[in-house]
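Tertiary structure, described
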Amino acid sequence: MTAAEVETTDRKILQLLAADGRMSYTDLGRATGLSTSAVHQRVKRLEQRGLISGYGATINHGQLGLPLTAFISIRPIDPSQPDDCPERLRDVPEIESCWSVAGDESYMLKVRTATPVALEDLLARIRAAANVSTRTTIVLTTYYESRPVTG
């Protein structure tokens, strides 16, 4: 499905739900000028078409005891070995996201830990589990994250 195939009202619903996934059908209806049942039908259709793939909570990781966020770029030490890093690292709980990327590295990981020492331990575990070299960037301040798409 192309972006052009998503009509204006559906885009508005997607924007509203991206900003507040718990918004009621009644409130969505008020914001879009549709009846509650019409909004309900559209949301179900958006889910069925795969435009809405899930709903989630925004977590305050600092309050959870994981204030340190870092991005870790990884590259295989032996490029002739199978490219199975995501599978090897799947059960490492500190890894929040794993992206395949273009460039010098093969993957980018977003991780959260409690302390720099915990990050150092995590780096050692990642290197051992996936047989990779790492390059790490520590986040100092997050000004915004997971912003809803508005276009």
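Above this text is the structure in question.
Let me sum up the structure you'll find in this document. Because the structure is predicted, anything quoted here is derived from the model rather than measured. (Residues numbered from 1 in each chain as written. Predicted model: local features only at pLDDT ≥ 70, side-chain atom pairs only at ≥ 80, totals over all residues. Heavy atoms only, no water.)

Re the state of the cysteines
As used here, a disulfide is simply a covalent bond connecting the sulfur atoms of two cysteines. The final tally for this structure, using the stated rule, is zero disulfides. Among the cysteines around Cys85, which has no disulfide bond, Cys98 carries the closest sulfur, lying 8.0 Å off. Of the residues examined, Cys85 reaches a relative accessible area of 5% and is grouped as buried. (Disulfide = S-S within 2.5 Å. Buried < 20%, exposed > 50% of the residue type's maximum accessible area, 1.4 Å probe, protein only.)

Quick notes on the nonpolar core
Ile72, Ile74, Leu89, Leu109, Val111, Leu119 and Ile126 are the most contacted members of the largest nonpolar core, which totals 17 residues. Here the element with the most residues in this core is helix H5 (residues 116-130); it accounts for five residues. Listed in part, the eight residues of the second largest apolar core include Ile13, Leu28, Val43 and Leu46. (Core = buried A, V, L, I, M, F, W, Y, C linked by side-chain atoms within 4.5 Å. Helix = DSSP H or I, 4+ residues; strand = E, 2+ residues; numbered from the N terminus.)

Description of the pattern of salt bridges
Where side chains of opposite charge bring their charged atoms close, a pairing between them can arise. Using the criterion set out here, one finds 14 salt bridges in the structure. The partner of Lys110 in a salt bridge is Glu145, with the nearest N and O atoms 2.0 Å apart. Of the two residues, Lys110 is situated in strand S3 (residues 107-113) and Glu145 in the segment after strand S4 (132-138); the sequence distance between them amounts to 35 residues. Sharing partners across several salt bridges, the network here consists of Glu7, Asp10, Arg42 and Arg49. (Salt bridge = Lys/Arg side-chain N within 4 Å of Asp/Glu carboxyl O.)

A few points about the environment of Leu109
Note on placement: Leu109 falls in strand S3. With 23 residues separating them in the primary sequence, Leu109 and Pro86 have C-alpha atoms 9.6 Å apart.

So, the side chain of Arg112
Take Arg112: it is sitting in strand S3. Residue classification places Arg112 among the buried positions, given a relative accessible area of 8%. Among the polar contacts made by the side chain of Arg112, one reaches the side chain of Glu96 at a distance of 2.4 Å. Excluding residues within four positions of it along the chain, Arg112 makes contact with His61, Leu66, Leu68, Thr69, Glu94, Glu96 and Glu145. (Polar contact = N/O pair within 3.5 Å; in protein donor to acceptor, adjacent residues only side chain to side chain. Contact = heavy atoms within 4.5 Å.)

Some points on the sheet that holds S3
One open sheet holds the four strands; their spatial order is S2-S3-S1-S4, and the pairing between them is antiparallel. Pairing within the sheet leaves two strands with one partner each, and these edge strands are strand S2 (95-100) and S4. Neighbour-to-neighbour, the strand axes of the sheet open up by a mean angle of 20°, direction not taken into account. As defined by bridge partners, S2 adjoins S3 across five bridges and the pair is classed as antiparallel. Directly across from Cys98, in S3, lies its bridge partner Leu109. The strands touched by H5 are strand S1 (68-76), S2, S3 and S4; relative to S4, the strand with the most contacts, the crossing angle is about 155°. (Pairing = 2+ DSSP bridges. Axes fitted to C-alpha atoms, helices over the stretch in contact; angles between N-to-C directions.)

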